[in-house]
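The primary structure of each chain is shown beneath.
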Amino acid sequence: MKMTKIVRTTADLFFPFCLVFGLYVVVHGHLTPGGGFQGGAVMATGTALLLVARAYDDVTGRIRKGAMKACEATGLMLFLLAGLGGLFHGRAFLGNWLAQAGGLFGNRVELGANAGDLYTGGLIPLLNFGVGIEVLGGLTVILLYMLSGIKEEKK
Amino acid sequence: MRNVLFSAILLLFFGGLTYLAVDLPFGAPRATDMDDYFIRNAQAQTGANNVVTAIVFDFRGFDTLGEATVLFTAVLGVGMMFRKLKEGEEYEND
């Protein structure tokens, strides 16, 4: 099943913007509304767009199932390892051991309303990113599995 | 006739729901200790401006880990259900 050239071109143009906007939502999860789950879902929407506009075989060249599976597993592992890191700093599992400590994402935050600094939040941006790539991988794999039945009609 | 009856039942059902919902106290919770604590301390304790994310990923991080695991398991299940059968392989209960 293939759409007209207009639809295909529009989908191709929009695909990178979907990814960039999803990444923006993920990365700014601790400053603006959104977060890992929402941003990952936005990124996976790009795949759905491509799958609707093009044939399945066209898409698999650009989005590989294996890479997406790896993404998913990596996201969950990142979440777990970041949580376990707290145990080595005298905190509980998933305790926020990076917050306000000066290191990675450890800038001090001004209390009250402020413009927002990307390098604050400690563990939260890391976990957001882990969840983001997990949701991206997971939803994309589901989409690829479920829509793999759509093949071009032979005449 | 059936349509009229169906519409009447729908109207009664949603009318009743609306009637019940009108009296609910909304935006005025009885116990606000927890909300006040989060609103006052979330930024100082986690360093995140977004209080919702601070709660989801910091105060209730373990809950989010469960959520992520649920998604992982769901993807595993879908992958198992939609896998390609090997040559000559049959489902057991066919």
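Summarised in this report is the structure supplied together with it. Predicted, not measured: the structure shown is a model, and the values here were computed from it.

### Focus on the packing of aromatic side chains
Here is step 1: Inspection of the entire model under this criterion finds six aromatic pairs over all chains.
Here is step 2: Pairing Phe105(A) with Tyr119(A) gives two aromatic rings, centres 6.3 Å apart and planes at 25°, and the pair type is stacked. Taken together, the residues span a long stretch of sequence, with Phe105(A) in the loop between helix H4 (65-85) and helix H5 (123-146) and Tyr119(A) in the loop between H4 and H5 at a distance of 14 residues.
Here is step 3: Here the aromatic rings of Phe38(B) and Phe59(B) are separated by 4.8 Å at their centres, their planes lie at 55°, and the arrangement is tilted. Taken together, the residues Phe38(B) in helix H2 (residues 33-46) and Phe59(B) in helix H3 (residues 51-59) connect sequence positions 21 residues apart.
Here is step 4: Within the aromatic cluster, the residues linked to one another by ring pairs are Tyr37(B), Phe38(B) and Phe59(B).
Here is step 5: Directly above the aromatic system of Tyr145(A) lies the positively charged group of Lys65(A), at a separation of 4.3 Å from the ring centroid.

### So, H5(A)
Here is step 1: Its 24 residues give H5(A) an end-to-end C-alpha distance of 34 Å, which sits within 8% of 34 Å, the value for a rise of 1.5 Å per residue.
Here is step 2: For H5(A), the tally of buried residues reaches 19 of 24 residues, placing the bulk of the element in the interior.

### Regarding the interface of chain B and chain A
Here is step 1: Each side of the interface is counted separately: chain B has 25 residues, and chain A has 38 residues.
Here is step 2: Summing the contributions of chain B and of chain A, the shared interface buries around 2,600 Å²; its carbon and sulfur component is 69%.
Here is step 3: Linking chain B with chain A are zero salt bridges.
Here is step 4: Where chain B packs against chain A, one counts eleven residue pairs in polar contact (both at pLDDT 80 or more).

Calculation criteria
- Throughout, residues of each chain are indexed from 1 in the direction in which the sequence is written.
- Going through the entries in the order they are written, you letter the chains from A and number the ligands from 1.
- Side-chain atom pairs in this predicted model are given and counted only at pLDDT of 80 or more, local residue features only at pLDDT of at least 70, and totals for whole chains, interfaces and linings cover all residues.
- As a convention, hydrogens and water are excluded, and side-chain values are obtained from all of the structure's heavy atoms.
- In this analysis, rings of Phe, Tyr and Trp, with Trp reduced to its six-membered ring, are considered paired at centre separations within 6.5 Å, and the interplanar angle assigns stacked below 30 degrees, edge-to-face beyond 60, and tilted for intermediate values.
- Helix and strand assignments come from DSSP, with helices taken as H or I runs of at least 4 residues and strands as E runs of at least 2, each series counted from the N terminus.
- For a lysine, the NZ atom is tested; for an arginine, the CZ atom; a charge sits over a ring if that atom is within 6 Å of the ring centre and within 35 degrees of the ring normal.
- Expected span of a helix, by definition, is 1.5 Å for each gap between consecutive residues, and there is one gap fewer than residues.
- Burial classes follow relative accessibility: with a 1.4 Å probe on protein chains only, a residue under 20% of its type's maximum area counts as buried, one over 50% as exposed, and anything between as partly exposed.
- Should any heavy atoms of two residues lie within 4.5 Å, those residues are counted as being in contact.
- Buried area adds together the accessible area that both of two parts lose upon being put together, with accessible area traced by a 1.4 Å probe.
- Note on definitions: salt bridges are taken to be side-chain nitrogens of Lys or Arg within 4 Å of carboxyl oxygens of Asp or Glu.
- Pairs of N or O atoms within 3.5 Å make up the polar contacts considered here, provided that, within protein, one atom can donate a hydrogen while the other can accept it, and that residues adjacent in sequence are counted only when both atoms are side-chain atoms.

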